[in-house]
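# Descriptive structure summary
Spelled out from the first residue to the last, the chains are:
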Amino acid sequence: MQPPALHRTSTNPEPHAPPERGPGSPWGSRWLHSGNRLGRRLLLYILLFSAAVSLLGTLVQLVTDYQREVRELEARFEQIRSSYAQSIAESLWSLDEEHLRIQLEGITTLPGIALAEVDSALGTHYTAGDGARRELTRDFPLHRGALFLGTLRVGATLEDIQSQLGSRVLVILATEAGKTLFFALFAFILFQRLVTQHLATMAAYTRGLDTEHLDAPLVLRRAVTDGLRQDELDEVSAAINEMRESLRKELEERQRTEAASAFLAEAGGVLLESLDLEKVLPRIASVCVGTLADWCVIDLVEEGELRRVSGAHMDVSKTPLLEELQRRYPPGPDSKVPAAVAMRTGRWVLEPHLTQDSLRSVCVDDEHFRLAWRLGLRSLLTVPLVARGHALGAITFAAAEPGRYGPAELALAEELARRAAIAIDNARLYRQAEQALRLRETFLSVAGHELRTPLLPLQLRLQSLLRRGRSGAPLTPEMLLAELSAAEWQTRRLGLLVDQLLDVSHLLAGHALVPRRKRVDLCEVVAGVLEGLQRQITASGSAVVRELRCPAVGEWDPRRLELVVSGLVQNAVKFGQGRPIDIRVTPRDGAVCLVVRDRGMGMSQSELEHIFDPFSRGVPEQHFGGLGIGLYLTRQVVRAHGGTISVESRPGEGATFTVELPVGEVSGEAA
């Protein structure tokens, strides 16, 4: 069945319209001129073929009629023999010449008989008719019993037959010519109406195809009956429409690609302008509005939480709604909003047709739903911002019309998100690099100051001894021993700082710490550290409460274990605010637990998250000093021994550090 005819609409339909027909139009004359060359050729071929067939048919008809007429003459000859021969023989026997002449004249009156004559056996000759016209002759013997009386000769002419056949040929040719011309004209008109005018329409439509008329399909105005199947013209028309549709899709795809390239180029230019995310991301959201969304928001992960950093709406009057939405309903890590879902799964979220029910399912309450619906949320697309395998945030595109987003928009959004994620990651890396440079400068400054701290007393003591020796003042053994002991303590402190710097530089270079294990008693290490730090402890005013359950023996690196204990004790003394400090060593099954607790200023949760980071300082260095690497190095040493370290603290309640070390040597993989 053919589909119902569709009427093509176009803003400029003239190139595709079929020729006009009417009483006053020159359409009829174009049939026989340049407008219908195929029809004229068909008419000529029909006439030639019909003429050839007519001539051949006429020739066959003439031959058939001639043979039939000749057979009729032969039948007439046989009729003469059977009807006249015996009677003529009787007349000849009785010598009745009058009756014989009448009989011969009667024979010549028969159709086609021109001559009738009798030659008797006695030599007498009787004749009737015109002997010159005869063309066929038949002789019939005349007998009377067994006696031969003579011969009857009958001559026939073909003039009548030829005359009749000639007249018949003219009639046949005239009739066939009329029929041929009539059917040729009928075929010509029918072919023109069924084929050539539609071919002309197809040609005009194809010539008129351009980028402005690809939306108007080709329609052949044909009277189609519902029971008929599609013919070749419908197939050609369908092929032209398929070509048009392919061209239209290709043009749309090219326009979409060009628009996407221009959009990405504009967004890329914005991303390259600055590494300041506070300036760049709002501009990216503004670039997306209009091209890819009616409104757009960008959320980033900062300190483990998803925070909205920018947003833009096509309607400036609705910008306060965006701000209210962010202020009252910020996306949480476990939220059902698309940005949080995309962050958790690392995959895009596409909702081409958002209904009120589906929107309510992700909203917190009715007010949340009302704000989202008023912003114009009927179609939504959220793409995660992923760089180096880590989700940095998500960018959400929203539209007020359903079905706005599909595969093409998704691909464009993913490419934009990829570029934006790289720019965000680069900006953060740059910020981290700047922070690292500042930390390095601070570290070098503080390291120089910390290294000078033990060097200056040592230098003063040595200069005092030199002055006494040069001046001849007495140097008693007790005085010399005291000065050497103080100098030795300063050198040990200096050596500890140098060891810390070497270990930190080793770790920051990407190398792992390799403990030099020996059999060590942790209680002895703690006692030795406390004895070495006695002056510092006494100066702080804090009292140390020991709870050492010995022996606590294990396979550890003595020097680095001393660094762990010293770092924790010094940290407790520094921030203990002169309050008691508890140190506890407890052997356990296959491990030893070291607990250092102070009752000082304590730390907030945000400080606890970065307390073990290198160069991390939760307090001003000018008030407390230090390199900011003690706890970082402590954690690395504990991990190198296969142990764990944790901290519990609250502001104003002090801090408790717990170290658990396995007593045996662990495998390299565990370390």
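Here goes a summary of the coordinates provided. All figures in this text were calculated on a predicted structure; none of them were measured in a lab.

About the criteria used
Residues numbered from 1 in each chain as written. Predicted model: local features only at pLDDT ≥ 70, side-chain atom pairs only at ≥ 80, totals over all residues. Heavy atoms only, no water. Helix = DSSP H or I, 4+ residues; strand = E, 2+ residues; numbered from the N terminus. Buried < 20%, exposed > 50% of the residue type's maximum accessible area, 1.4 Å probe, protein only. Contact = heavy atoms within 4.5 Å. Areas by Shrake-Rupley, 256 points an atom, 1.4 Å probe, with all protein chains shown as cover. Pairing = 2+ DSSP bridges. Salt bridge = Lys/Arg side-chain N within 4 Å of Asp/Glu carboxyl O. Core = buried A, V, L, I, M, F, W, Y, C linked by side-chain atoms within 4.5 Å. Disulfide = S-S within 2.5 Å. Phe/Tyr/Trp six-rings, centres within 6.5 Å; stacked < 30°, edge-to-face > 60°. Lys NZ or Arg CZ within 6 Å of the ring centre and 35° of its normal.

To continue, consider the overall build of the chain. When its secondary structure is counted, the chain shows 18 helices and 16 strands. Taking all 671 residues of the chain together, 39% fall into the buried category. For the chain, long-range pairs separated by at least 24 residues make up 67% of all intrachain contacts whose partners lie at least 6 apart in sequence. On the chain, roughly 37700 Å² of surface is accessible, and the fraction owed to carbon and sulfur atoms is 55%.

What follows is about the pairing of strand β4 (residues 147-156). With respect to burial, β4 is a largely interior element, 7 of its 10 residues being buried. With 7 bridges connecting them, strand β1 (residues 113-120) and β4 associate as antiparallel partners. Bridge pairing in β4 places E117 opposite R153. Sheet topology note: the strand β3 (residues 136-144)/β4 ladder contains 9 bridges and is antiparallel. Looking at β4, one finds that P141 is bridged to T151.

Should the charged atoms of two oppositely charged side chains come close, the side chains can pair. This structure, assessed with the given rule, holds 30 salt bridges. Of the charged contacts, one joins D119 and R153 as a salt bridge, the two residues approaching to 3.0 Å between their closest N and O atoms. With D119 in strand β1 and R153 in strand β4, the pair connects residues that are 34 residues apart, well separated along the chain. The class for D119 is partly exposed, based on a relative accessible area of 25%.

Formed by 41 residues in total, the largest nonpolar core has its most connected members in L522, L568 and L594. Elements with a minimum of two residues in this core: α13 (522-532), α15 (558-575), β13 (581-588), β14 (591-598), α18 (630-640), β15 (644-649) and β16 (655-662). With 8 residues, α15 is the largest single contributor of residues to this core. The contact partners of L594, leaving out residues within four places of it in the chain, are L522, V526, V565, L568, I583, R584, V585, F657, T658 and V659. V309, A312, L385 and I424 belong to the second largest nonpolar core, which has 40 residues in total.

Moving on, we get to the state of the cysteines. Two cysteines whose sulfur atoms are joined by a covalent bond form what is called a disulfide. Scanning the model with the defined rule gives 1 disulfide in all. No disulfide involves C296; its nearest neighbouring cysteine sulfur is the one of C288, lying 4.5 Å away.

Right, let's talk about the packing of aromatic side chains for a bit. Under the criterion given, the structure shown has 2 aromatic pairs. Where F182 meets F183, the ring centres are 5.5 Å apart and the plane angle is 75°; that geometry is what we call edge-to-face. For the pair F369 and W373, a centre-to-centre distance of 5.8 Å together with 25° between the ring planes defines the contact as stacked. With F369 and W373 both in helix α10 (residues 366-375) and 4 residues apart, this pair spans about one turn of that helix. In this arrangement the basic side chain of R347 is found over the ring face of W348, its NZ or CZ atom lying 5.3 Å from the centre. We note R378 situated over the ring of W373; from NZ or CZ to the ring centre the distance is 3.6 Å.

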